[in-house]
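# Examination of the molecular architecture
Next come the chains, spelled out residue by residue.
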Amino acid sequence: MNLSSRTVAILLSLLVAAVLTACALVVPGLPQREAFLAGGITVAACFLLVYMSFEALIFREINGIYTGLEHIKRKEFKKMSNKFLFRPEPVKRVRDEILLMAERRQQELDELKRLQALRREFLADVSHELKTPLFAAQGFVHTVLDAEEPDDIDPATRRKFLAKAAASLDALDALVQDLVTISQLEQGVVRLRRQRFDLIALVHEIFELVEEKARRRGATLTLLPPTLPATGLPVVADRNRIRQVLVNLIDNAVKYGRDQGQVRVSLVEGNRGVRVVVRDDGPGIAPEHQARIFERFYRIDKSRSRESGGSGLGLAISKHIVEAHKSGIRVKSTVGEGTTMEFKLPKPKVL
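Here the structure is a predicted model, which is why all the values come from computation and not from measurement.

With respect to topology, five strands assemble into an open sheet ordered β2-β4-β5-β7-β6, the strand pairing being mixed. With one partner strand each, in any of the chains shown, β2 (220-224) and β6 (330-334) form the two edges of the open sheet. Ignoring which end each strand starts from, the neighbouring axes of this sheet average 15° apart. Across five bridges, β6 lies against strand β7 (residues 338-346) in antiparallel orientation. In the strand pairing of β7, Ser 333 is matched with Thr 339.

Across the protein, the average pLDDT comes to 78, with 71% of residues at 70 or higher. Across residues 305-309, where pLDDT falls below 50, the model places 12 contacts with residues more than four positions away in sequence or in other chains.

Next up on the list: helix α4 (residues 155-187). Compared with the 48 Å implied by 1.5 Å per residue over 33 residues, the 47 Å span of α4 between its first and last C-alpha is a close match. If you check which residues of α4 are buried, you get Phe 161, Ala 165, Ser 168, Leu 172, Leu 175, Leu 179, Thr 181, Ile 182 and Leu 185. A positive phi of about 75° marks Gly 188, the residue just after α4.

Rules used throughout
Residues numbered from 1 in each chain as written. Predicted model: local features only at pLDDT ≥ 70, side-chain atom pairs only at ≥ 80, totals over all residues. Heavy atoms only, no water. Pairing = 2+ DSSP bridges. Helix = DSSP H or I, 4+ residues; strand = E, 2+ residues; numbered from the N terminus. Axes fitted to C-alpha atoms, helices over the stretch in contact; angles between N-to-C directions. pLDDT = per-residue confidence, 0-100. Contact = heavy atoms within 4.5 Å. Expected span 1.5 Å × (residues − 1). Buried < 20%, exposed > 50% of the residue type's maximum accessible area, 1.4 Å probe, protein only.

Below, the structure is given as C-alpha cells:
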C-alpha cells in the first residue's frame, strides 16, 4: 500500500493525539472539553511537525538529487554541493552516492563519445592512406593493360609505369607493416631483444643514413657533447627498435627544421641511464598540437601530402617503443624557435 507523506503525517498525528487524549481523560479533574481541545491541538501540532519533517528531510533531499543530476547532465560539476559520503544522515548519504555514481557514468559516457570520435577519425585516415598508393598502382597497371597492342606503349614507358606501380605497392606494404607493428606494440605482444650496444655508434650510423637528405636541405648534423667517451656509450635496449625511434626523430628534425639549419643530438649520461635529446630549429609546434602529435595519422599541417609529411605513424610507433622500454618521449617546443624531443635509456649494470 503506497501512502503519501500527508497521509502518513495525519495517521501519526491521530495516533499521538489519541494516546494523549486518552491520558488526559484519565487524569483526575481535567474536563472532557479541555481534553478534546488538547487532543485537537495535539493533532494539528503533530501533523505540522511530522509533515514538515518529511518535507525537510526527504523531499528536499530528493529535489536536491534531481538538481544535482541536472548539473551533471550539463557538466556543471562545480555547481554541485560538496559530497561527504560518510554523513550520519542516511538520506543525504544516499543522495551523495547517487550524485557520485551519476557523475562517474557521465564521465564514462563522455569518454566513450571521445573514443568513438577518434575511431571514426582513425578509420577515415587509414582508408585515405591505404587508398592513395593502391589507386596509384592500380592506375599505372591498368594503363599498361589497356594498351590494345604491345607496341602501343614503348618498353621504356611500360617499364616506367610498372616501376611506379611497384613503388606505390611498396609504400602500401610499408604502411601495412607499420599498422601491424603499432597494433602489436599496443597489445604488448612484441618481445624486445634487450642487448648491450654503443649508442654513439648507432647515432653515427643514422647520421650516415640521413646525410643525403640533410645535404639537400643544407642542414648540419651535430652530435653533442664533443667530449663523448672514445670507448663508446653503452646502453641496454632493443637496438633495432631504438634505431627505428632515432631514425624517426632525426629524420623529422631534418624534414621540419629550417633550411641551412642545425639538427643536434645530445647524449647526456646520468647515474642510471643516458638521456637522448634531438633538437631542431624549425617552426616549432603549437601547444594545442603537442598533445596529439603521437596519435596515429595525426598531422599538424593537414595539407601535407603523404610523400612530404609521411603516414603519421612514425611518432606513434616511436612512443610505443620507448614506453616498452619503461620510458617516455617528452616534447618541448616553442613556436618560431624549434622542437626538442627526448627520452632515456638504461645503462648496463655495474657488476
